[in-house]
Protein chains: 2
Amino acid sequence: MIQIPYLLFLGDAPDQLAAKVAQGIKDWRPENAVGQFRLPGCGADLGLTDMTLEDAKTAGAKTLVIGVANRGGVISETWKQVLRDALAMGFDLASGLHNLLKNEDDLVSTAKKYGQALHDVRIPDVKYPIANGVRRRGKRCLAVGTDCSVGKMYTALAMDAEMRKRRLKSTFRATGQTGILITGGGVPVDAVVADFMAGSIEWLTPDNDDDHWDMIEGQGSLFHVSYSGVTMALIHGGQPDALILSHEPTRPHMRGLPGYDLPSLEAVRDTAVTLAKVANPTCQVVGISINTQHLSEDQALDYLAKTEQRMGLPAVDPFRQGAGRLVDTLDGI
Amino acid sequence: MIQIPYLLFLGDAPDQLAAKVAQGIKDWRPENAVGQFRLPGCGADLGLTDMTLEDAKTAGAKTLVIGVANRGGVISETWKQVLRDALAMGFDLASGLHNLLKNEDDLVSTAKKYGQALHDVRIPDVKYPIANGVRRRGKRCLAVGTDCSVGKMYTALAMDAEMRKRRLKSTFRATGQTGILITGGGVPVDAVVADFMAGSIEWLTPDNDDDHWDMIEGQGSLFHVSYSGVTMALIHGGQPDALILSHEPTRPHMRGLPGYDLPSLEAVRDTAVTLAKVANPTCQVVGISINTQHLSEDQALDYLAKTEQRMGLPAVDPFRQGAGRLVDTLDGI
């Protein structure tokens, strides 16, 4: 686990989009961030208090989180100076960069000297078991998509937030780097060795109270040929009781796969629930999450109404409308 | 690729079963083995010529293949002496042991000194791409099972052998350690990192002649919760034109998963072909391979006839009956 709270390092991010990991932390776990650290020329601003390392230390920050993409695939010396100073002052570092902190000799030696941890959340740091399929107590919900990047993480985070607002027991279970940085822990499942994928998800979603829900972050799609194996492992390792179908209606083809049409919601529903019932015979599809960001308000409401009627399930854009109606569907499961 | 031909190292195998990898090489690629090397007390015998390292060198062997399981999870000093001698004489080493040759300092230094290769076929030695889903020329056949270890590798090897007997173009594509040692190359897909699984299978089964068939070794089962992600990646990465359903009818439950019933052949057919059509819309289920080793001849023939009638597809035990009728089904695809 990554120690909280964080100081969010925005570096010299050219714009807000480059800081989307930090934005995710601020949106979903504002209590995890004491402030932001910006270098001269930074074009991103989360609206948090700008802090020096000293300020953040005084405010109780434990970890400096690199919440920004770097340019050109190298960790610049400008960044390095801050990172080494942070280690020397007793911060851990956490990063989702492709360039691993653990591959930077100066950071490794500085971390060692001061007894601090380097967290590269893109790579697993746990020896996961092979899945055993044993049924676990507690409930689990998983979003399965027609495609990659259609809003599965957002759906799980929004449902988790709504559950906690209602004072119901819920834990968001991160399976990708952004989710892991937001919550401080999780499984970077796309970097796990094949034999241990499903086992890593069993490990992530252990026995729990009967009325506790794990909101598992989905990945990929059963219909995306590059990543379908990861989705499959989430369905079997996660033993979901409830599935949410996720879709983005304006996508011209599967992400990164020209020539591959998106499947219908019906096809995803039928295939996903058939496979999910192998691990959990009572699994059911309970709702639909539509990412309507590329539709106008009228178009969005029309699309949602038609989808709801066609599929016979609540169809919601949790960003526009909140996740209340999706959470309602879990009642009684 | 592992250089052929081999000298098969049986070591001090307690019995024939411990030498099943070597047996597989001898059964399927006898031309790849110049002889066998046995230590005092060896209880296995492949019926090949017993050779010293010198004999094998003279006979042209390029690689000493450890075709036997070791005891107690360590590579004994008795074995080590032979392995070091082999390296010094100009042999490469190949192994499917859990203990990697590359983790043995003396073998690494000896291999380096003599310029020889150490092949640990359980771990990938290629940086595989992410799958791109682009359609490839040539034809591909994949066996998909109701469970693990129901005869998928045997089916692919038997079909490949029958194809070549008929002077048709065929290549067995190994995806597990035994298959890799038998043929000298392949992808140990269960050891590949999740994001690259499907890509590794695309890499393994590249563009080929229009009338060439890849016989892809299947792994796991879509209905086996521990390994279904690997099966999924084979279905999407392999882009099969033809699927063979594989089944072992006496299994009381899914391998290693008490409480998990085997799926019906119908369920495997419907789910596998639905998912396979994502990558190859013309994919079809063409035949059924039944492992009848635990049935009498009468029981087996009865089971095969009933299955064939029920499913409307040729149902064959390739071990008892040969793979001819399965290969017939590929004609015209």
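Not measured: the values here are computed from a predicted model.

> Can you help me understand the overall build of chain A in this one?
Helix and strand counts for chain A stand at 12 helices and 11 strands. In summary, chain A has a C-alpha radius of gyration of 20 Å against a globular reference of 20 Å for 333 residues, a match within 12%. Principal-axis analysis of the C-alpha atoms gives chain A an extent of 55 × 45 × 45 Å. Across the 333 residues of chain A, 59% fall into the buried class. Roughly 13300 Å² of accessible area belongs to chain A as shown, and the carbon and sulfur atoms make up 51% of that amount. When the 34 positive and 40 negative side-chain charges of chain A are each reduced to one mean point, those points stand 3 Å apart.

> Sorry if this is basic, but what is going on with the interface of chain B and chain A here?
Many structure descriptions define interface size as the accessible area lost when the parts assemble. With 32 residues of chain B in contact, the opposing surface of chain A contributes 32 residues. For the pair chain B and chain A, the summed buried area comes to about 2600 Å², and 63% of that belongs to carbon and sulfur atoms. On the chain B side of the contact with chain A, B:Asp195, B:Val225 and B:Tyr260 bury the most area, a combined 19% of that side's loss. Inspection of the region where chain B meets chain A yields zero salt bridges. Where chain B touches chain A, the interface holds 10 residue pairs in polar contact (both at pLDDT 80 or more). Listing elements by their share of the side of chain B that touches chain A, those giving two or more residues are α7 (197–204), α8 (228–238) and α9 (265–279) of chain B. Of the residues contributing to the side of chain B that touches chain A, the split by class is 20 nonpolar, 10 polar and two charged.

> I'm lost on the relation of the copies chain B and chain A in this one. Help?
Here the two chain copies are tied together by a rotation about an axis and a shift along that axis. Between the two copies, chain B and chain A, the superposition gives an RMSD of 0.0 Å; the rotation angle is 180° and the shift along the axis is 0.0 Å. In short, the pair behaves as if placed about a two-fold rotation axis. With an isologous cut-off of 70% or more, the 100% of interface residues of chain B that recur at the interface of chain A puts this contact in the isologous class.

> Mind showing me how you'd approach the packing of aromatic side chains here?
For any pair of aromatic rings, the description rests on two quantities: the centre-to-centre distance and the angle between the ring planes. Residues and elements named next belong to chain B. Applying the stated criterion across every chain, the model contains 10 aromatic pairs over all chains. Consider the rings of Trp-28 and Tyr-154, whose centres lie 5.1 Å apart with planes at 80°: the pair is edge-to-face. One end of the pair, Trp-28, is in helix α1 (residues 20–28); the other, Tyr-154, is in helix α5 (residues 152–165), and 126 residues separate them in sequence. Take Trp-28: its relative accessible area is 18%, and that puts it in the buried class.

> Just checking my understanding: could you explain the UniProt feature "domain: D-glutamate N-acetyltransferase-like N-terminal" (unreviewed entry) in chain A for this structure?
When the UniProt feature table is mapped onto this chain numbering, "domain: D-glutamate N-acetyltransferase-like N-terminal" (unreviewed entry) sits at residues 47–124 of chain A. Helix and strand shares over residues 47–124 of chain A are 36% and 14% respectively, and the end C-alpha atoms of the span are 32 Å apart.

> Whenever I open this one, the packing of α8(B) against α9(B) confuses me. Can you help?
All names here are of chain B. For the pair α8 and α9, the least separation of the axes is 7 Å and the interaxial angle reads 40°. By the angle between their directions, the pair α8 and α9 is classed as oblique. At the point where α8 passes α9, the crossing takes the right-handed sense. Contacts from Met-232, Ile-235 and His-236 of α8 reach α9 at Ala-272, Leu-275, Ala-276, Val-278 and Ala-279.

> What am I meant to see in the pattern of salt bridges here?
It is possible for side chains bearing opposite charge to pair when their charged atoms get close. Under the defined criterion, the tally for this structure stands at 45 salt bridges over all chains. The partner of A:Arg140 in a salt bridge is A:Asp214, with the nearest N and O atoms 3.5 Å apart. Of this pair, A:Arg140 sits in strand β6 (residues 139–145) while A:Asp214 sits in strand β8 (residues 213–216), and the two are 74 residues apart along the sequence. With respect to class, A:Arg140 is no different from A:Asp214; both count as buried. Between B:Asp160 and B:Arg29 there is a salt bridge, with the nearest N and O atoms lying 3.1 Å from each other. Taken together, the residues B:Asp160 in helix α5 and B:Arg29 in the loop between α1 and β2 (33–38) connect sequence positions 131 residues apart. Residue B:Asp160 is classed as buried on the basis of its relative accessible area of 0%. Judged by its relative accessible area of 9%, B:Arg29 is buried.

> Please clarify how the UniProt feature "domain: D-glutamate N-acetyltransferase-like C-terminal" (unreviewed entry) in chain A should be interpreted in this entry.
Within this numbering scheme, the UniProt entry marks residues 130–327 of chain A as carrying the feature "domain: D-glutamate N-acetyltransferase-like C-terminal" (unreviewed entry). Its end C-alpha atoms 31 Å apart, residues 130–327 of chain A is made of 39% helix and 15% strand.

> Before we go on, may I ask you to explain the packing of helix α3 (residues 77–88) of chain A against helix α4 (residues 105–114) of chain A in this structure?
Helix-helix packing: each pair is described by the crossing angle between the helix axes and the interaxial distance. Residue and element names in this part refer to chain A. Interaxial distance between α3 and α4 falls to 8 Å at its minimum, and their mutual angle equals 15°. In terms of orientation, α3 and α4 fall into the roughly parallel class. Viewed along their axes, α3 and α4 form a crossing whose handedness is right-handed. Here Lys-80, Leu-83, Arg-84, Leu-87 and Ala-88 of α3 come into contact with α4, specifically with Asp-106, Leu-107, Thr-110, Ala-111 and Tyr-114. Of the residues in the contact of α3 with α4, the class split is six nonpolar, one polar and three charged.

> Where do I start with the pairing of strand β10 (residues 284–290) of chain B in this structure?
Residue and element names in this part refer to chain B. Within β10, six of the seven residues are buried, which leaves it mostly tucked inside the rest of the structure. Taken together, strand β9 (residues 242–247), α9 and β10 form a β-α-β motif whose crossover is right-handed. For β10 and strand β11 (residues 315–316), the ladder comprises two bridges, and the chain directions are parallel. Counted as the bridge partner of Ser-289 is Val-316 from β11.

Reading guide: rules and limits
- Residues numbered from 1 in each chain as written.
- Chains lettered and ligands numbered in written order.
- Predicted model: local features only at pLDDT ≥ 70, side-chain atom pairs only at ≥ 80, totals over all residues.
- Heavy atoms only, no water.
- Helix = DSSP H or I, 4+ residues; strand = E, 2+ residues; numbered from the N terminus.
- Rg over C-alpha atoms; globule rule 2.2 N^0.38 Å.
- Buried < 20%, exposed > 50% of the residue type's maximum accessible area, 1.4 Å probe, protein only.
- Areas by Shrake-Rupley, 256 points an atom, 1.4 Å probe, with all protein chains shown as cover.
- Lys, Arg positive; Asp, Glu negative; His and termini not counted.
- Charge placed at Lys NZ, Arg CZ, Asp CG, Glu CD.
- Contact = heavy atoms within 4.5 Å.
- Buried area = accessible area lost by both parts, 1.4 Å probe.
- Salt bridge = Lys/Arg side-chain N within 4 Å of Asp/Glu carboxyl O.
- Polar contact = N/O pair within 3.5 Å; in protein donor to acceptor, adjacent residues only side chain to side chain.
- Nonpolar A, V, L, I, M, F, W, Y, C, P; charged D, E, K, R; others polar.
- Least-squares fit on C-alpha atoms with pLDDT ≥ 70 in both.
- Phe/Tyr/Trp six-rings, centres within 6.5 Å; stacked < 30°, edge-to-face > 60°.
- UniProt positions renumbered as here; feature names shortened; annotations may be inferred.
- Axes fitted to C-alpha atoms, helices over the stretch in contact; angles between N-to-C directions.
- Parallel < 35°, antiparallel > 145°, perpendicular 65-115°, else oblique.
- Left-handed = near helix turned anticlockwise from the far one by under 90°.
- Right-handed = clockwise from strand over helix to strand, strands pointing away.
- Pairing = 2+ DSSP bridges.

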